[in-house]
Amino acid sequence: MAFSAVDLAQATAFRISPKDTNYFVMLFDQETDRIDNVFVIEIFKVGGATPPNEHSRAHEFFHVLHGEGVAHCDGKTVAIKKGDSLLLHPGSEHVIENTGTGKLYTLTVMTPNEDFAELIRGGERVELEADDIRILQGQ
């Protein structure tokens, strides 16, 4: 396969746990593309945040597509907004939090996958809302 493409209007989204305030649009991963990393769009509801987490081997990259928030990592906090990028190194405990008045959208890449795609796909499917599709399509 020379390339892969995703139609965001038809993409599959998952919430890892029913109580989570963020959910993931799967773009590329081992299951669909035979690659050792995972690319997702992560969507945070207003006031939403990831649970505190860290990855033993993986680097995690976030690029803010829309919205604003804060990243907490190893006792430090940094504001993030549209256009900002953040790279977290293995072993760094972190939380990404939406502090804006609308949803926060990030392109999130984990390298290597470290079972992140399987964790996401093991969650519950969620339907993307009209505003999700509109923002992801750049409208």
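Criteria and thresholds
- Residues numbered from 1 in each chain as written.
- Predicted model: local features only at pLDDT ≥ 70, side-chain atom pairs only at ≥ 80, totals over all residues.
- Heavy atoms only, no water.
- Core = buried A, V, L, I, M, F, W, Y, C linked by side-chain atoms within 4.5 Å.
- Buried < 20%, exposed > 50% of the residue type's maximum accessible area, 1.4 Å probe, protein only.
- Helix = DSSP H or I, 4+ residues; strand = E, 2+ residues; numbered from the N terminus.
- Salt bridge = Lys/Arg side-chain N within 4 Å of Asp/Glu carboxyl O.
- Pairing = 2+ DSSP bridges.
- Axes fitted to C-alpha atoms, helices over the stretch in contact; angles between N-to-C directions.
- Phe/Tyr/Trp six-rings, centres within 6.5 Å; stacked < 30°, edge-to-face > 60°.

Moving on: the nonpolar core. One finds Val 25, Ile 41, Ile 43, Tyr 105, Leu 128 and Leu 136 to be the most contacted residues of the largest nonpolar core, which totals 13 residues. Contributing elements (two or more residues each) for this core: β2 (22-28), β3 (38-44) and α3 (130-136). With 3 residues, the top contributor of residues to this core is β2.

Scanning all chains against the criterion turns up 7 salt bridges. Lys 103 is paired through a salt bridge with Asp 132; the nearest N and O atoms lie 2.9 Å apart. In this pair, Lys 103 sits in the loop between β8 (94-98) and β9 (104-111) while Asp 132 sits in helix α3, placing the two residues 29 residues apart along the sequence. Neither Lys 103 nor Asp 132 differs from the other in exposure class; each is buried.

A word on the sheet that holds β9. Across the sheet, 7 strands lie side by side as β7-β4-β9-β3-β2-β1-β10; this open sheet has antiparallel pairing. Of all the strands in the sheet, just β7 (85-88) and β10 (124-126) have a single pairing partner and so form its edges. Shown here is a sheet whose adjacent strand axes are inclined to one another by a mean of 30°, direction ignored. Pairing analysis gives 6 bridges linking β2 to β3, with the strands arranged antiparallel. Each residue of the ladder has a partner; that of Phe 28, found in β3, is Phe 39.

Let us look at the packing of aromatic side chains. Counted by the stated rule, this structure contains 2 aromatic pairs. With 5.6 Å between their ring centres and 90° between their planes, Phe 24 and Phe 116 make a pair best called edge-to-face. Taken together, the residues span a long stretch of sequence, with Phe 24 in strand β2 and Phe 116 in helix α2 (residues 116-121) at a distance of 92 residues. For the pair Phe 24 and Phe 116, one class covers both residues: buried. Seen in terms of ring centroids, Phe 28 and Phe 39 are 6.1 Å apart; in terms of plane orientation they differ by 80°. Their pairing is edge-to-face. With Phe 28 in strand β2 and Phe 39 in strand β3, this pair connects stretches of sequence that are 11 residues apart. Assessed through its relative accessible area of 24%, Phe 39 is described here as partly exposed.

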